[in-house]
Amino acid sequence: MSNQTQNKLFHYIISNTEIDDIQSRFISYKLELNKVENIIQIEMIKEYNFTFYTDNGSFKVTTVNVPLPISSVVRN
């Protein structure tokens, strides 16, 4: 996959959530590693916990309220 895919995922996350830039970049990187090309929907489960529905399955995403790349991305 290309950096173009990762950038597209990053911009979608930034535009549709309040996740900070650093964590959004990390999440887009992890999604790209899992061969995700498109995010279909982002659902907030509770504060700092999301489900990302993608073209390659759904992913549970856990973030923190600190601008550090310590997010967790695990395939459901």
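The structure we're discussing is the one just above.
These numbers come from a predicted model, not from an experiment. (Residues numbered from 1 in each chain as written. Predicted model: local features only at pLDDT ≥ 70, side-chain atom pairs only at ≥ 80, totals over all residues. Heavy atoms only, no water.)

S.K.: Tell me about the sheet that holds strand β3 (residues 57-62), and please be specific about residues and values.
M.R.: Taken in spatial order, the four strands make up an open sheet running β1-β2-β3-β4, and their pairing is antiparallel. Across the chains shown, the open sheet's two edge strands, defined by having one partner strand only, are β1 (39-46) and β4 (72-75). Each strand of the sheet is rotated relative to its neighbour by a mean of 25°, with strand direction disregarded. Of the strand pairs in this sheet, β1 and strand β2 (residues 49-54) are connected by six bridges, and their pairing is antiparallel. (Pairing = 2+ DSSP bridges. Helix = DSSP H or I, 4+ residues; strand = E, 2+ residues; numbered from the N terminus. Axes fitted to C-alpha atoms, helices over the stretch in contact; angles between N-to-C directions.)

S.K.: Residue-level account of the pairing of β3, with values.
M.R.: Bridging between β2 and β3 involves six bridges; their strand directions are antiparallel. Note that in β3 the partner of Asn 49 across the bridge is Thr 62. Bridge count between β3 and β4: four bridges; the pairing is antiparallel. If you follow Phe 59 over to β4, its bridge partner there is Arg 75.

S.K.: Just give me the short version of the side chain of Ser 28, but keep the residues and values in it.
M.R.: For Ser 28, the location among the structural elements is in helix α2 (residues 21-33). The residues contacting Ser 28, other than those within four sequence positions of it, are Gln 6, Leu 9, Phe 10 and Ile 13. (Contact = heavy atoms within 4.5 Å.)

S.K.: Go over unusual backbone geometry with me, naming the residues and quoting the values.
M.R.: It is generally the case that most residues other than glycine have a negative phi and that most peptide bonds are trans. Even without glycine at this site, Lys 35 takes up a positive phi of about 60°. Summarising the element assignment, Lys 35 is placed in the loop between α2 and β1. Positive phi is not limited to glycine here, since Tyr 48 has a value of about 70°.

S.K.: Tell me about the packing of aromatic side chains, residues and numbers included.
M.R.: Enumeration over the complete set of coordinates arrives at one aromatic pair. Ring centres 6.4 Å apart and planes at 85° place the aromatic pair Phe 50 and Phe 52 in the edge-to-face group. On the basis of relative accessible area, Phe 50 is assigned to the buried category, the value being 6%. If you follow Arg 25 out to its NZ or CZ, it ends over the ring of Phe 10, 4.0 Å from the centre. (Phe/Tyr/Trp six-rings, centres within 6.5 Å; stacked < 30°, edge-to-face > 60°. Buried < 20%, exposed > 50% of the residue type's maximum accessible area, 1.4 Å probe, protein only. Lys NZ or Arg CZ within 6 Å of the ring centre and 35° of its normal.)

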